[in-house]
Amino acid sequence: MGAHRKGPVRAGQAVRVDAGVPAPGGRDRYFDTLRALALVRVVAYHAFGWPWAGLVFPSMGVMFGLAGTLMARSLQRPAAAVVRSRLRRLLPPFWCWGLFVVGAMLVRGWMPGWRIVYWVVPLGDPPGSAWGEQAWEILWYLRTYLWFVLLSPLLLRVFRLAPVPVLLLSLAPIVAFQFVWQPPENRFGTGLLDLATYLFCWVLGFAHRDGVLARLKPAAVVVLSLAALACGAWYAFAHRAEYGTYDLDDIPLAQAFWSAGFVTLLMYSKARLRVDFSGPVRLRRLDRLVSVFNARAVTVYLWHELALILAVPLIDRCWDVPAFEAYLPLGSQWFLLAVGWVLIAGFVLLFGWVEDVAARRRPRLLP
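Residue indices follow the written sequence of each chain, beginning from 1 at its first position. At least 70 in pLDDT is required for a residue's local features to be given in this predicted model, at least 80 for side-chain atom pairs to be given and counted, and no such filter applies to totals for whole chains, interfaces and linings, which use all residues. To obtain the side-chain values, all non-hydrogen atoms of the structure were included, while hydrogens and water were left out.

1. What about the overall build of the protein?
Then, in step 1: The secondary structure content of the protein amounts to 18 helices and 0 strands.
Then, in step 2: The globule rule puts the C-alpha radius of gyration for 367 residues at 21 Å, and the 21 Å found for the protein is close to it.
Then, in step 3: The principal-axis extent of the C-alpha atoms belonging to the protein is close to 70 × 50 × 45 Å.
Then, in step 4: Using a 1.4 Å probe on the protein chains alone, a residue whose accessible area is under 20% of its type maximum counts as buried, one over 50% counts as exposed, and one in between counts as partly exposed. Sorting the 367 residues of the protein into buried and exposed places 52% on the buried side. Helix numbering and strand numbering both begin at the N terminus, where a helix is a DSSP run of H or I of at least 4 residues and a strand a DSSP run of E of at least 2. Within these notes, the globule rule equals 2.2 Å times the number of residues to the 0.38 power, and the radius of gyration is based on C-alpha atoms.

What follows is the structure, given as structure tokens:
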């Protein structure tokens, strides 16, 4: 965030591929491991509700940053084909999951209106009943991701006109929404706010892919990243009384700045220091686990809340078995998390193959 590119890349020009980014079709174990950690942290957060979890590892910022990098790489192909490919990969797993969630809500008496079309393509938050809210409230991520995909051809062109200024200015919308104009509290306003919150992370993915990040001076990157982290943390704790928490998920401005600083340091470590997380590759079982998480990322994300919901009545039944009551920690949240992961694994086996079909791969129980 300090130095400028050596000659801006203009739309249509060939882009220099950073040496730290694998060739198209290759896997980057550093990014794969970060994505797996992000998913694990999301599940743990929804099981425990730790307000400090986002400060330790801002999963959503990391996931948007990684997605931005992959989108920039894909846009070496025609934009229309890339957008179609992303939609094809995203929507079938979403539809499969939605059949169960929507079906359950309908059985419970939910009466949908015209906005049920968002269950076909989630350009807005799909509607749902209060009974099913814990399951469908996570769809904001898919909606935000989908809009970033649709906007990326234009965003990437703008970014390549002036990479560093555009990257820095990508934090301006969230600042404006906080201090100048607050979006309305409806689907449109919520969507704008989420896009503004994670815009920097998405554009940072462009910067990594185009090699911009690797050419920035370490001192400038570190200083500005630490400043963003300090700003995010200060705002979260200074406004704790106003929001009733310091949880970054409830404070968009703090989330934006903390994620910006955190994800910049992670990506700069990859671009400049060639950090590769080679350890998991040497540990076959861990490497295999990372592979499964990445091949089934959408399935894990969509089904994890249902798994945690179903874990509760399942554990309640265990109290009726004297041996389980005596020897299992049925009242522990850690036990709830463990049961949740078992159910997530079951959902991956049952429905993960939909991701293979969506990606036009041969369906497999496990990749």
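Having seen the structure, we can now continue with the description.
2. As for the pattern of salt bridges
Then, in step 1: By convention in these notes, a salt bridge is any Lys or Arg side-chain nitrogen within 4 Å of a carboxyl oxygen on Asp or Glu. This model, assessed by the stated rule, comprises 10 salt bridges.
Then, in step 2: Here Asp-125 and Arg-143 are joined by a salt bridge, their closest N and O atoms 2.8 Å apart. One end of the pair, Asp-125, is in the loop between helix H4 (79–107) and helix H5 (133–136); the other, Arg-143, is in helix H6 (residues 140–161), with 18 residues separating them in the sequence. The exposure classification of Asp-125 matches that of Arg-143, with both residues buried.
Then, in step 3: Note that Arg-160 is salt-bridged to Asp-210, the shortest N-O span being 2.8 Å. Here Arg-160 is found in helix H6, whereas its partner Asp-210 is found in the loop between helix H9 (187–209) and helix H10 (218–238), with 50 residues between them in sequence.
Then, in step 4: Exposure remark for Arg-160: the relative accessible area of 13% places this residue in the buried category.
Then, in step 5: For Asp-210, a relative accessible area of 1% translates into the label buried.

3. Side note on the nonpolar core
Then, in step 1: Here, nonpolar core means buried Ala, Val, Leu, Ile, Met, Phe, Trp, Tyr and Cys residues that are tied together by side-chain atoms lying within 4.5 Å of each other. Residues Trp-97, Trp-119 and Trp-202 are the most contacted members of the largest nonpolar core, which totals 101 residues.
Then, in step 2: A per-element tally of this core places helix H12 (residues 252–273) first, with 12 residues.
Then, in step 3: The contact criterion used throughout is that any non-hydrogen atoms of two residues lie within 4.5 Å. Once residues within four sequence positions are removed from consideration, Trp-119 is found in contact with Phe-94, Trp-95, Trp-97, Gly-98, Val-101, Val-102, Met-105, Trp-110, Pro-126, Pro-127, Trp-136 and Leu-139.
Then, in step 4: Core analysis: the second largest hydrophobic core is formed by 7 residues, Ala-311, Ile-315, Cys-318 and Phe-335 among them.

4. Observations concerning the packing of helix H15 (residues 297–318) against helix H17 (residues 333–351)
Then, in step 1: Between N-to-C directions, angles span 0 to 180 degrees; the directions come from axes that are lines fitted to C-alpha atoms, helices contributing only their stretch in contact. The interhelical angle for the contact between H15 and H17, taken along N-to-C directions, is 130°, at an axis separation of 7 Å. By the angle between their directions, the pair H15 and H17 is classed as oblique. Both H15 and H17 take part in a crossing whose hand is right-handed. Here H15 contributes Thr-299, Val-300, Trp-303, His-304, Leu-306, Ala-307, Leu-308, Leu-310, Ala-311, Val-312, Leu-314 and Ile-315 to the contact with H17, which in turn contributes Phe-335, Leu-336, Val-339, Gly-340, Leu-343, Ile-344, Phe-347, Val-348 and Phe-351.
Then, in step 2: Residue classes follow a fixed rule: Ala, Val, Leu, Ile, Met, Phe, Trp, Tyr, Cys and Pro count as nonpolar, while Asp, Glu, Lys and Arg count as charged, and any other residue, Gly among them, counts as polar. Here the contact of H15 with H17 is composed, by residue class, of 18 nonpolar, 3 polar and no charged. Here roughly perpendicular refers to angles of 65 to 115 degrees, roughly parallel to angles under 35, roughly antiparallel to angles over 145, and oblique to all remaining angles. What makes a crossing left-handed is the near helix being turned counterclockwise from the far one by less than a right angle; a clockwise turn instead makes it right-handed.

5. A short note on the side chain of Arg-35
Then, in step 1: Mapped onto the secondary structure, Arg-35 falls in helix H1 (residues 29–48).
Then, in step 2: Here a polar contact is recorded for every N or O atom pair within 3.5 Å, except that within protein the pair must consist of a potential hydrogen donor and a potential acceptor, and residues adjacent in sequence are included only if both atoms are side-chain atoms. Reaching out from Arg-35, the side chain makes a polar contact with the side chain of Asn-294 at a distance of 2.5 Å.
Then, in step 3: Other than its neighbours up to four places away in sequence, Arg-35 contacts Arg-27, Leu-66, Leu-70, Asn-294 and Ala-297.

6. Quick word on the packing of H4 against H6
Then, in step 1: Where H4 meets H6, the axes come as close as 9 Å, and the angle between the chain directions of the two elements is 170°. Between H4 and H6, the interaxial angle falls into the category roughly antiparallel. Residue-level contacts link Ala-79, Val-83, Arg-86, Leu-87, Leu-90 and Phe-94 of H4 to Leu-142, Tyr-145, Leu-146, Val-149, Leu-150 and Pro-153 of H6.
Then, in step 2: By residue class, the composition of the contact of H4 with H6 is 11 nonpolar, no polar and 1 charged.

7. Overview of helix H8 (residues 172–179)
Then, in step 1: For H8, every residue scored as buried is listed here: Ile-174, Phe-177 and Gln-178. Within H8, the buried residues cover an arc of 100° as seen down the axis, which keeps them to one side.
Then, in step 2: Where the residues of H8 are buried, they touch H9, H10, helix H11 (240–243) and H12. It is the directions from the helix axis to the C-beta atoms whose arc is reported.

8. Some thoughts on the environment of Phe-347
Then, in step 1: Considering the arrangement of structural elements, one finds Phe-347 in helix H17.
Then, in step 2: Residue Phe-347 is classed as buried on the basis of its relative accessible area of 12%.
Then, in step 3: Each C-alpha atom, one on Phe-347 and one on Trp-119, is 20 Å from the other, the two residues being 228 residues apart in sequence.
Then, in step 4: Contact partners of Phe-347, with chain neighbours within four places excluded, come to Thr-299, Trp-303, Leu-306, Ala-307, Leu-310 and Gly-352.

9. Overview of a nonpolar patch on the surface
Then, in step 1: A grouping of Leu-123, Trp-147, Leu-150 and Leu-151 is seen on the molecular surface, where their side chains present a nonpolar patch of about 300 Å² in accessible area.
Then, in step 2: The topology assignment puts Trp-147 in helix H6. Surface patches are defined over residues having more than 30% relative accessible area and no salt bridge, joining like charges when they lie within 9 Å and nonpolar side chains (Val, Leu, Ile, Met, Phe, Trp, Tyr) when within 5 Å. The protein chains shown are the only cover counted for residues, whose accessible areas, like all others here, come from Shrake-Rupley with a 1.4 Å probe.

10. With respect to the packing of aromatic side chains
Then, in step 1: Working definition: a ring pair exists when centres of Phe, Tyr or Trp rings (six-membered ring for Trp) sit within 6.5 Å. Plane angles under 30 degrees give stacked, over 60 give edge-to-face, the rest tilted. Considering all chains together, one arrives at 32 aromatic pairs under this definition.
Then, in step 2: Their ring planes at 50° and their centres at 4.9 Å tell us that Phe-64 and Tyr-141 sit as a pair that is tilted. Of the two residues, Phe-64 sits in helix H3 (residues 59–74) while Tyr-141 sits in helix H6, which places them 77 residues apart along the sequence. Take Phe-64 and Tyr-141: they sit in the same class, and that class is buried.
Then, in step 3: Taking 5.8 Å as the distance between ring centres and 65° as the angle between the ring planes, the aromatic pair formed by Phe-177 and Trp-181 counts as edge-to-face.
Then, in step 4: Here Trp-181 falls in the partly exposed class, since its relative accessible area comes to 43%.
Then, in step 5: Linked through ring pairs, Phe-64, Trp-140, Tyr-141, Tyr-145, Phe-148, Tyr-198, Trp-202 and Tyr-301 together constitute an aromatic cluster.

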